[in-house]
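Summary of structural features
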Amino acid sequence: MADLPLSGVRVLDLAQVYAGPTATRLLADLGADVIKVEGVTRMDITRNFVMPDNDSTDDYWNKAGYFVLRNGGKRSLTVDLGEGAGGAGVGILKKLAAECDVVVESFTPHVMAKLGMDYESLKAIRPDIIMISMSGYGQNGPWRDFAGYGMGLEPASGMSSITGYPGGDPLRTGISFTDPYSGIVGAGAVLSALVYRRRTGNGQYIDLSEQEAAIPIVGYALMNYAMNGRLPERKGNRSHWYAPQGCYRCADDDDWLIITVRDDAEWQALCAAIGRPDAAAKYPDVASRFEAHDEIDAMIEAWTESRDHMTAMHELQKGGVLAAAVLTPKEELFDEHLKERGFFDMVDTRCAGPRPVPHQLGAKFSAFEMDTARPSPKLGEHNKEILQDLLGMSDEEVAALAEQKVIGDEPVTAVPAQVMRMFVQWPLTSYMNMGALRVIEPDYREQLGITVPGHEPES
Amino acid sequence: MDLPDTALDGIRVVDLSQGIAGPYCTKLLADLGAEVIKVEPPDGDYTRRLGPFPGDVPDPEKSGLFIHLNGNKKSVTLDINEPAGRDALRRLLGTADVFVESEMPGRLSELELGYHDVHGDFPNLVYTSVTPFGQNGPYAGYKGNSLAAMALSGLMYVTGDPDKPPLVTGGEPGEYFGALHAWVGTLAAIEHHDQTGAGQHVDVSCLEALGSADEYNTTMYAWLGAVRRRFYSRHHIPTYPSEIFPCRDGHIVVIGGATGFPLLMAILIEQPELENNPLFQNLWLRTIQWEDFEKILRPYLAEHDWQDLLTRAQELRVPFAAVLDPQTLLDNEHLRERAFFAEIEQAGVGKLPIACHIFRMSETPLRCGPAPALGADNPVLEGSA
C-alpha cells in the first residue's frame, strides 16, 4: 500500500466540538499530522459526553465516546490563549503555524484577528498557508456574530421546513445534522485548496458557513418556490415522486421497515411479494397509487406486521422491492453488511479500552487504506513532543510553561471538579423512564465481544 | 504565467452517474473548475423527469432538480447498452482524469466497463463509484435510496416523535451525504494521483456516508449499553431545550446554550423571577420534567414573532436560531449580503437562484452556472476519437 495522500501535510486544528473536528479527523485519516489545540481552561466540550459505563471517576475527559469518534489519530496540544505568561500561548501557536500547511478554526468571527492570527497575519508568517474558518453563519453579513449551535443550523438551512409529520411542526434530525455535513464540506474545501497549492504553490483562505453548506439539500423545494411560488408541505415519510413510500410497522416492538416503489415494475414486484396481485391491477400507475396511498399503506402493513423487519427486508429485496429495516443503533453495530464492509473499527481507546467506532468517511480506496483505527489523544498528551520537535524547546522551557499553567494535562473548570464529575454522568434511568431509551443492556460488552479494563469477565 | 482561477482547472471528469449523489459530487467538482462531461442515456438523466417544472408542465430541459444538480457541466448522450456507445465512452475515458458512476455494482463489469476492465488501459484514471451500499457485502445487490440509508444508518430510528413511526429527514440527505463523501474521496484520490501518477477505485457507499454522521447513537451502546430511541428528535447530550417551538408567526429554535440558563432565558422571556425556578436552575431536572418547562415557555413564544425572539436572544448571546423555508431563505438579509444564491440564466426557463456558494475560496472562487441541454455537447465525442 502506498503512502497516504496527505502524509507530510501538517494541520493546526483550533476547532472544537463537532463540525471542525470532523473535517480534521478526515484529514488525519488521509495521513495528515493534525495537532489539536485545546487549553486546560477551554478543553473541547465533547470530552464531557458519553462516559464508559457512565463512570466519571479518574481522567474521564480522556474516555468520552463522543470525543473519540471525531478525534482519533490527532495529537493533542494544550495552550492557554489568554494573557498568562505574557501571552506565551498565542506566541507558541504563531510559531507552530509557521510549521503547518493548514490552519482550521471554528471561533466566532474576529477571535482569530484578536489573537493576531487572521489569514493576513498567518500568511505573513507562512506565505503558502491554507486557512479555513468554519463558523455557524460565515465571516460577514448581519448574522455573522450570531452564536451558532448545530441544533439551530439545520433549521436555519431550511431543512426542517421539509422535515416533519403531516400537519405537524418542523422537526430536526435526531443528530446535529449540519455538523457532520459541513465537516465533510470543510474537508473537501481544504483538499481542493491543497490540490491547487500543489500545482501553483499558492495557499488561500476559505470561509465556510455551516448554515449555507447544507442549503443545497433543500434544492428541490427551493426550485419549486423559485419556479412556481410554492412552499413545501411536510409529508412525513412520503415522496414527491413515488407512491407508495412509507415506514411500516413490523412484528416486534417498535420495529419498522421502509419501502419505496419507484416504478410500475417495482409495484408489480411488491404486490407479488406480499401476495396481493389484485392490487397490482387495481393501482396500475403512480397517479392511482398516490390517490389510494392510505389504503395501500394499510395493505402493506397487514403484511409487514407479521414479520420482523430484517426478515421482511430480505424477503422483499429478493423479490426486487426497495425495502430497508429501520435499524436501532445497536442493530447497526451488529449488521452483517456493515460488518463485512468493515464500517466499524475496534479501536483501542486505551483509557476506555477497546470500543467499536464508525468510519468517518464512507469511501474506500483501492490504492491505500485510510488510517481510521487510532485512539483519540489524551488532553495535552503530545505537549512535550510537539514543543520540542517542532519548536525546538528544551526540557526546561517546557517545564516552565507547565509551571506557568500555559500548558497542562488536566482540565481547569469554572465549577468545582466534583460538580463536573456529576454533570458528565447522564440520568440514564430517567431517560429510560421517559421513553428516550429503548433498553439498557448491562451485558453489552459481552455482546460486543470487548474486554474493558476493570470489567474483565469473571473466570 | 497566469495562475488558474479555479482550484481544479485542467481536470477532466467523465460522469456517467444519474440521480443526486453522483451528479452533486460532480457538480462540486465542476463548480471548482473541473471540466465535467456528463454522459447521459438517450432519454437523459432520470432527474430530468423529476421536476419541479415551471407550471408543472414536464419538460426534460426544465427540471428544477436537474438544473440544481448539473450546473457547469457538458452533456453528451450515449447508449452504453450498444457497442458503439461503449466504445465512445472508452474513448472519453482515455481523455479523462476522473470517472464517476452510480450503476448497480456489477452492472458496468457486465459491459466490460468495470474498474478492473478499464484500469489496465487507463492506469492513471480515478474511478469513483457511488452506490447505495457499496461494491461488496450482503446488501451490495439490494436496491437503495436516501430513505433506505436513513433506515439502515440508525438515524431514522432516533428521528421523530416517540409515539409515531420513525421519521425521515427531508431533502434526500442520504444522497447528498453520499455526494460529499464521493467528492472528498475523489479529491483524496486526485491528491494521490498528483503524487504517484496512479489512479485507483474509490468505492463510496451512501449508507456508510450517512452512517458516519452517527453523532453518538452507536456510541451510546458501545460505551453504555444504552439503545437510544427517537424522542422528539431531542438530544441526550446535555442541551435541553434545543428544539423547534411554534411562535406567533411561525417557528423558532430555542437553545439555551452554555450560558443561557437560568438568568438570560428568564430575562429573555421577561419573567426574571424564573431565574430561581428549579427548572431553570437544574439542567437534568428540566430535561426530565420537560413538559413542566414547556408550560412556562410555550405561552410566551406564542405571543412573540420569530425575528424578535431571535434578535433579542442573540443580543444576549443565547443561540436561538431561525426556522427558514424556501421563501425566507431566498429573502434572508444575511444570505443576501453574503450573496449565497447565484442567479443563473437557464435556457428556456429564465433567471433562477442557485444554491451555489457552499464555501468561499479567496483565490479560486466557486463558479455557478446553468445546466446543459440534453446532448448539447455531443460534438465533444467527435473530438475524443
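Here the structure is a predicted model, which is why all the values come from computation and not from measurement.

**Description of the overall build of chain A**
Across its full length, chain A holds 21 helices and 13 strands. For chain A, the spread of C-alpha atoms along the principal axes amounts to about 85 × 65 × 45 Å. When the 459 residues of chain A are sorted by exposure, 55% land in the buried category. Long-range pairs, those at least 24 residues apart, make up 69% of the contacts in chain A with a sequence separation of at least 6.

**With respect to the overall build of chain B**
The helix and strand inventory of chain B stands at 17 helices and 13 strands. Dimensions of chain B along its principal axes, counting C-alpha atoms only, are 80 × 50 × 50 Å. For chain B, the residues scored as buried account for 60% of the 385 residues in total. Taking the contacts inside chain B whose residues are at least 6 apart along the sequence as the reference set, 68% of them involve residues at least 24 apart.

**Here's the deal with the packing of helix 1 (residues 19-29) of chain A against helix 7 (residues 178-200) of chain A**
Residue and element names in this part refer to chain A. Put simply, helix 1 and helix 7 touch, their axes get as near as 7 Å, and they point 45° apart. Between helix 1 and helix 7, the angle is such that the two are oblique. Relative to helix 7, helix 1 is oriented so that their crossing is right-handed. Together, Ala19, Gly20, Thr22, Ala23, Leu26 and Leu27 of helix 1 and Asp179, Pro180, Ser182, Gly183, Ile184, Gly186, Ala187 and Val190 of helix 7 make up the contact between the two elements. Taken together, the residues of the contact of helix 1 with helix 7 break down into eight nonpolar, five polar and one charged.

**Remarks on the packing of helix 1 (residues 21-31) of chain B against helix 7 (residues 173-196) of chain B**
Residues and elements named next belong to chain B. Remark: helix 1 packs on helix 7, axes separated minimally by 7 Å, with the N-to-C direction vectors making an angle of 45°. One element, helix 1, and the other, helix 7, form an angle in the oblique class. Seen from above, helix 1 lies across helix 7 with right-handed handedness. Contacts between helix 1 and helix 7 pair Ala21, Gly22, Tyr24, Cys25, Leu28 and Leu29 from the former with Glu175, Tyr176, Gly178, Ala179, Ala182, Trp183 and Thr186 from the latter. Across the contact of helix 1 with helix 7, the residue classes break down as nine nonpolar, three polar and one charged.

**What to know about the nonpolar core**
Generally speaking, nonpolar side chains in soluble globular proteins are found buried as a group. The biggest cluster of nonpolar side chains holds 227 residues, and the ones touching the most others in it are Leu27, Val190, Leu257 and Ile259 of chain A together with Ala151 and Val184 of chain B. Aside from chain neighbours lying at most four places away, what touches Val184 of chain B is Leu26, Ile184, Ala187, Gly188, Leu191, Leu361 and Ala363 of chain A. Judged by nonpolar contacts, the second largest core, of 34 residues, contains Ala64, Phe344 and Tyr444 of chain A together with Ala226 of chain B.

**Describing the sheet that holds strand 5 (residues 130-135) of chain A**
Across the sheet, which stays open at both edges, the seven strands sit in the order 3(A)-2(A)-1(A)-4(A)-5(A)-6(A)-13(B) with mixed pairing between neighbours. With partners counted over all chains shown, the strands left at the sheet margins are strand 3 (75-78) of chain A together with strand 13 (360-361) of chain B, one partner each. Pairing analysis gives four bridges linking strand 4 (residues 102-105) of chain A to strand 5 of chain A, with the strands arranged parallel. Residue pairing for strand 5 of chain A: Val103 of chain A is matched across the bridge by Met131 of chain A.

**A closer look at the domain arrangement of chain A**
When its domains are assigned, chain A resolves into domain 1 (10-215 + 342-427) and domain 2 (245-331). On a C-alpha basis, the centres of domain 1 of chain A and domain 2 of chain A stand 43 Å from each other.

**Quick word on unusual backbone geometry**
Put simply, Ala243 of chain A and Pro244 of chain A share a cis peptide bond, and its omega is -5°. Along the chain, the position of Pro244 of chain A falls in the loop between helix 9 (219-228) and strand 7 (245-249). Cis geometry is adopted by the peptide bond preceding Pro241 of chain B, which originates at Tyr240 of chain B and carries an omega value of -5°. Assignment of secondary structure puts Pro241 of chain B in the loop between strand 7 (226-228) and strand 8 (242-247). Positive phi is not limited to glycine here, since Arg350 of chain A has a value of about 70°.

**A short note on the interface of chain A and chain B**
On the side of chain B, 136 residues touch chain A, which itself brings 138 residues to the contact. At 15 residues, helix 7 of chain A tops the list of elements feeding residues into the side of chain A that touches chain B. Across the side of chain A that touches chain B, the residue classes tally to 88 nonpolar, 35 polar and 15 charged.

**Here's the deal with helix 13 (residues 293-304) of chain A**
The end-to-end C-alpha distance of helix 13 of chain A is 16 Å, a good match for the 16 Å that twelve residues give at a rise of 1.5 Å each. Next to the buried residues of helix 13 of chain A lie strand 7, strand 8 (256-260), helix 12 (286-291) and helix 14 (309-318) of chain A.

**A word on the domain arrangement of chain B**
Here chain B is partitioned into domain 1 (12-213 + 339-383) and domain 2 (242-329). Using only C-alpha atoms to locate each centre, domain 1 of chain B and domain 2 of chain B end up separated by 41 Å.

**Quick look at helix 14 of chain A**
Residue and element names in this part refer to chain A. Among all positions of helix 14, only His309, Ala312, Met313, Leu316 and Gln317 are buried. Relative to the axis of helix 14, the buried residues are bounded by an arc of 120° and lie together on one face. Looking at the buried residues of helix 14, the elements they touch are strand 8, helix 10 (264-273), helix 13 and strand 9 (322-325). At the C-terminal side of helix 14, Gly320 shows a positive phi close to 85°.

**As for the environment of Gly91 of chain A**
Locating Gly91 of chain A in the fold gives a position in helix 3 (residues 84-98). Taking the C-alpha atoms as reference points, Gly91 of chain A and Leu81 of chain A, separated by ten residues in sequence, lie 9.1 Å from one another.

**Some remarks on the pairing of strand 8 of chain B**
All names here are of chain B. The sheet contact formed by strand 8 and strand 9 (residues 250-255) spans six bridges and is antiparallel. Along strand 9, the bridge assignment pairs Pro246 with His251. A loop of two residues connects strand 8 with strand 9, the two strands running antiparallel in sequence.

**Observations concerning the sheet that holds strand 10 (residues 321-322) of chain B**
Residue and element names in this part refer to chain B. In spatial order, the strands read 8-9-10; together these three strands make up an open sheet with antiparallel pairing. The sheet is open, and its two borders are formed by strand 8 and strand 10, each paired with just one other strand. Running at roughly 45° to strand 8, helix 13 (residues 290-302) makes contact with strand 8 and strand 9 of the sheet. The sheet strands contacting helix 14 (residues 306-315) are strand 8, strand 9 and strand 10, and the helix crosses strand 9 at an angle near 20°.

**Examining the pairing of strand 5 of chain A**
Residue and element names in this part refer to chain A. Among the six residues of strand 5, six are classified as buried, and the element is accordingly described as predominantly covered. Burial along strand 5 is two-sided: the residues Ile130, Ile132 and Met134 and Met131, Ser133 and Ser135 are all buried. Judged from the six bridges that link them, strand 5 and strand 6 (residues 204-209) form a sheet pairing that is parallel. By the bridge assignment, Ser133 is partnered in strand 6 with Asp207.

Each value, and the rule that gives it
- Residues numbered from 1 in each chain as written.
- Chains lettered and ligands numbered in written order.
- Predicted model: local features only at pLDDT ≥ 70, side-chain atom pairs only at ≥ 80, totals over all residues.
- Helix = DSSP H or I, 4+ residues; strand = E, 2+ residues; numbered from the N terminus.
- Buried ≥ 20, exposed ≤ 12 C-beta atoms within 10 Å, placed from the backbone.
- Contact = placed C-beta atoms within 7 Å.
- Axes fitted to C-alpha atoms, helices over the stretch in contact; angles between N-to-C directions.
- Parallel < 35°, antiparallel > 145°, perpendicular 65-115°, else oblique.
- Left-handed = near helix turned anticlockwise from the far one by under 90°.
- Nonpolar A, V, L, I, M, F, W, Y, C, P; charged D, E, K, R; others polar.
- Core = buried A, V, L, I, M, F, W, Y, C linked by C-beta atoms within 7 Å.
- Pairing = 2+ DSSP bridges.
- Domains from an automatic or database assignment.
- Expected span 1.5 Å × (residues − 1).
- Arc of directions from axis to C-beta.

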